[in-house]
Amino acid sequence: MRRAVYPGSFDPVTNGHLDVIERASRLYDEVIVAVAHNESKTGLFSFEERMALLQEVVAHHPNVRITQFSGLLVDYARQVQAQVIIRGLRAVSDFEYEFQMALMNRKLEGGVETMFLMPKEEYTYLSSRLVKEIARLGGNIDVFVPDSIARALREKFSR
Ligand code: ADP
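J.: Can you lay out the overall build of the protein for me, pointing to particular residues and giving the numbers?
T.: What the protein contains, in helices and strands, is six helices and five strands. In the protein, the order of α-helices and β-strands from amino to carboxyl end is β-α-β-α-β-α-β-α-β-α-α. The principal-axis extent of the C-alpha atoms belonging to the protein is close to 45 × 35 × 30 Å. Of the contacts made within the protein by residues no fewer than 6 positions apart, 76% connect residues no fewer than 24 positions apart. Within the protein, one finds 20 positive and 21 negative side-chain charges whose respective centroids are separated by 2 Å.

J.: Can you break down the site of the ligand residue by residue, with the values?
T.: In the vicinity of the ligand lie 16 residues, with Y6, S9, G88, Y123 and L126 positioned nearest. A distance of 3.2 Å separates an oxygen atom of the ligand from a polar side-chain atom of H17. A distance of 3.1 Å is found between an oxygen atom of the ligand and a side-chain nitrogen or oxygen belonging to R87. Protein burial of the ligand: of its 550 Å² of free accessible surface, 86% is covered by the chains. Among the detected pockets, the ligand sits in the largest pocket.

J.: Give a detailed account of the layout of surface pockets, specifying residues and quantitative values.
T.: Considering only enclosed or pocket space, the largest pocket measures out at about 1,200 Å³ in volume. As for the largest pocket, its lining consists of 44 residues, of which P7, G8, S9, K41 and R87 are closest to the centre. Breaking the lining of the largest pocket down by element, the ones donating at least two residues are β1 (3–8), α1 (15–27), α3 (73–79), β4 (84–88), α4 (92–108), β5 (113–117) and α5 (128–136). The element that contributes the greatest number of residues to the lining of the largest pocket is α4, accounting for seven residues. Counted by class, the lining of the largest pocket contains 19 nonpolar, 16 polar and nine charged residues.

J.: Now, about the environment of Q83: what can you tell me, with residues and values included?
T.: Within the fold, Q83 resides in the loop between α3 and β4. The class for Q83 is partly exposed, based on a relative accessible area of 25%. In the structure, Q83 is positioned 80 residues away from R3 in sequence and 6.1 Å away in space, judged by C-alpha atoms. Residues in contact with Q83, not counting those within four places in the same chain, are M1, R2, R3, G111, V112 and E113.

The rules behind the values
- Residues numbered from 1 in each chain as written.
- Predicted model: local features only at pLDDT ≥ 70, side-chain atom pairs only at ≥ 80, totals over all residues.
- Heavy atoms only, no water.
- Helix = DSSP H or I, 4+ residues; strand = E, 2+ residues; numbered from the N terminus.
- Contact = heavy atoms within 4.5 Å.
- Lys, Arg positive; Asp, Glu negative; His and termini not counted.
- Charge placed at Lys NZ, Arg CZ, Asp CG, Glu CD.
- Near = heavy atom within 4 Å.
- Polar contact = N/O pair within 3.5 Å; in protein donor to acceptor, adjacent residues only side chain to side chain.
- Areas by Shrake-Rupley, 256 points an atom, 1.4 Å probe, with all protein chains shown as cover.
- 1 Å grid on protein atoms, 1.4 Å probe; cavity = no way out; pocket = protein on both sides within 12 Å on 5 of 7 lines; lining within 4 Å.
- Sits in = over half its atoms within 2 Å of the grid points.
- Points joined across faces, edges and corners; volume = space filled by probe spheres on them.
- Nonpolar A, V, L, I, M, F, W, Y, C, P; charged D, E, K, R; others polar.
- Buried < 20%, exposed > 50% of the residue type's maximum accessible area, 1.4 Å probe, protein only.

Any link to function would need more than the numbers given here.
Structure follows, in structure tokens:
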């Protein structure tokens, strides 16, 4: 059983994340999308909202599971018996941080490999942070996120 963990904050999930999830789901028997539970880092969406929104948009992928984790990612990967950590690489700007994390994780746990997947070109400039900013300013975010996420964002900012 080839199992991969895809960790992140997903605040909220975007078409870029989904592109990476779909690619991973074709490569591995099971993909565990693990939402980082971090008490000190509050996002726009609560932890529960982020989990629920993800659940909805990956429901049609039978081999994708949404979970949560806290603590060290490599410990979590070992706990769920995943051989691989998936990360998305958008541009050179992602590289330095991701490279450092991947090597550190390898040092901590030699049995888990980090795999980088590149999204479709049109998603390489997409980030949750930018999508939130555009939504906050009343811009159109429909091409960046699934319908349910666009609705959730509009609701957040209409209050
Ligand atoms: P984090 O707070 O850990 O960066 P994110 O949820 O923003 O969490 O991202 C999780 C992973 O998804 C990271 O590897 C990030 O590079 C990747 N990612 C985010 N947006 C995109 C995108 N548009 N295309 C490809 N990968 C992405």
